[in-house]
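# A look at the structure
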Amino acid sequence: MGMLDTHIPPLSGITMGMATRPPPPFTATHTPVLPTALALTGWPPVDKIPEPNSPEVQAWMKELEGITIPDILPTKDSSCAADPEAAAEAEKRGWWTCGGYTRTTDIAACPDKLHWGVSFDDGPSPYSINLIAKLKEKNIRATFFVVGSRVIQRPGILIEEYMNGHEISVHTWSHTVRMDLRFCRFSIEQDDRVRAISLAMGMVPILWTSNADGGKFDSNDWRVASGELTGPQVFTIFEDLMRNGTSFNTGFITLQHDLFEITVDLAVGYTLDAALSHDPKFVLQPVGECMGMPAGAIYNETKKDTAAASVTASVPEVTQAGKAEDVDATKPPGTSAALAVVAPVWGFLSIVGLAMVGVLG
C-alpha cells in the first residue's frame, strides 16, 4: 500500500498554490474477494453525468415506479439566498441544505456523547494512500464517501480502504447532479424528494451534524484547495468543531475530504492528531459503527434480512436548532407521506453542500 508520507508542510504552508509532492506509489496489499470481477469498462466518463435517456438509467428509474415523490421544484443552486421562495418553505421541504432540517429517516449524529463519526468525501484519490496509512498507524477507522467514477479509476485504493476496516458509502457517480441516480444512487441537494428516491433504492441519507446556530460540522478543508481559506484558518475551524462537539448531549458526524493533497495533508499532519489528543477524549469511529449498526448488515449486498428488517434502536435527529432528540429510526417522518417507504436502514448514502442543481430537474 505504501509508507506514511511524513513530509507534511508546516500548517502555515498549507495553502492553495503550495508546492506539491508526487502522489505516493500504490501497491495493492489485498486481493478482493468479490462474487464477480469488477468491470472497469463500459461506464460513463469520469466525473461526467450519466446520460438520463440511456437504457441503463431508464431501467434504474423503474425502481421508483409506485413510489410517490414529493412534487417539489428543484431550487436554483441549493442555497437559501438564490431562491428565497424555496427558503420560505424550507421546513416544509425538509430542506437540510438550507435550514438544516432533517427527517427521522436521516442519520445526522452519533447517539452517544463524545462519539465522533469520522468521514472523508470525494475520493478515492492518489493521496488517499497517505490517509489510509495514517489511519492505520493511529488505529482509527472511518467512513469513506466515494465518488463512483473515481472508484473505477482507482479500484485498488477502494479495496485497501475496505480491507483496512473502513466503511464505504455512496457519494454520487460524478459529484455533479441531475439524473445521477443509480450510478451512485444519490443527488446532493437534500430535501424530501431526495429522501424518497434514496429510500426507495434502499439507501439512507447521512448528514454531518448541525450546530445550535444552524452551522454544520464541516471542516471547510476544501476551501483551502479552492483558495478561500488557509491551513491555519481551517485548523481553527476544526478546533471550534471539537469544542462544539464536546458540548453536545449526543455525538456528532464531521466532514473532511481525501480528494486533494492539501486536505489529506491537513488530516494526516494536524486534525487527526488534534482529535486524538483532545480532552475530554473522543471516540473516533466510522458512522455505521457509531450508530451501532451490525457489521454484517451495513451494506445492501451483505445485510442479513433479520437484522435489516427490524431496526428499533433510538437515534438522534438533529433539528434546525441543533437540539438532539431521540426518535425511532424505523418511524417514517410525519410531514411527508412520500417517505413512508419500507426500506432497509443499512444502505449508505452521503450528501454534500456543494451542488448547484437539484435532482428531477
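That block above? That's the structure.
My aim in this report is to walk through the structure given alongside it, one point at a time. (Residues numbered from 1 in each chain as written. Predicted model: local features only at pLDDT ≥ 70, side-chain atom pairs only at ≥ 80, totals over all residues. Heavy atoms only, no water.)

### So, the overall build of the protein
Within the protein one finds 12 helices and 11 strands. Considering the protein as a whole, with its 361 residues, one finds that 55% of them fall into the buried category. In the protein, the share of contacts with a sequence separation of at least 24, taken over all contacts with a separation of at least 6, comes to 78%. Carbon and sulfur atoms form 57% of the exposed surface of the protein, whose accessible area is close to 15,500 Å². (Helix = DSSP H or I, 4+ residues; strand = E, 2+ residues; numbered from the N terminus. Buried < 20%, exposed > 50% of the residue type's maximum accessible area, 1.4 Å probe, protein only. Contact = heavy atoms within 4.5 Å. Areas by Shrake-Rupley, 256 points an atom, 1.4 Å probe, with all protein chains shown as cover.)

### Comments concerning a nonpolar patch on the surface
Together, L38, L40 and W43 make up an exposed nonpolar region whose accessible area comes to about 280 Å². You can see W43 is positioned in the segment before α1 (55-61). (Patch = residues over 30% accessible without salt bridge, like charges linked within 9 Å, V, L, I, M, F, W, Y side chains within 5 Å. Salt bridge = Lys/Arg side-chain N within 4 Å of Asp/Glu carboxyl O.)

### A short note on helix α6 (residues 155-163)
Counted residue by residue, α6 has 7 buried out of 9 residues, so it is predominantly covered. Residues of α6 that are buried: P155, G156, I157, L158, I159, E160 and E161. Check the buried side of α6 and you find it contacts α4 (128-137), β3 (143-146), α5 (148-153) and β4 (167-170). The first or second residue beyond α6 is G165, which carries a positive phi of 90°.

### What about the sheet that holds strand β7 (residues 256-257)?
Judged by pairing direction, the sheet is parallel, and its 4 strands sit side by side in the order β4-β3-β2-β7 without closing on themselves. The two strands at the open ends of the sheet, each matched to only one other strand, are β4 and β7. Note that β3 and β4 share 4 bridges and pair parallel. Along β4, the bridge assignment pairs V146 with V170. (Pairing = 2+ DSSP bridges.)

### Section: α4
Within α4, 8 of the 10 residues are buried, leaving the element largely enclosed by the surrounding structure. Taken as a whole, α4 has its buried residues at S128, I129, N130, L131, I132, A133, K134 and L135. Where α4 is buried, its residues contact β2 (119-121), β3, α6 and α10 (261-276).

### Some words on the state of the cysteines
A full pass over the atoms with the stated rule returns 2 disulfides. Across a sulfur-sulfur distance of 1.9 Å, C80 and C98 are joined as a disulfide pair. Every disulfide takes its handedness from the sign of the S-S torsion; for C80 and C98 that torsion is 115°, giving right-handed. Taken together, the residues C80 in the loop between α1 and α2 (84-88) and C98 in the loop between α3 (90-93) and β1 (115-117) connect sequence positions 18 residues apart. Relative accessible area serves as the criterion here: at 34%, C80 is assigned to the partly exposed category. Note that C110 is cross-linked by a disulfide to C290, the S-S spacing being 2.1 Å. Of note, the bridge from C110 to C290 carries an S-S torsion of about -85° and is left-handed in sense. Of this pair, C110 sits in the loop between α3 and β1 while C290 sits in helix α11 (residues 287-290), placing them 180 residues apart in sequence. For the residue pair C110 and C290, the accessibility class agrees, reading buried in each case. Counting only the cysteines that take part in disulfides, in the order they occur along the protein, gives the pairing 1-2, 3-4. (Disulfide = S-S within 2.5 Å.)

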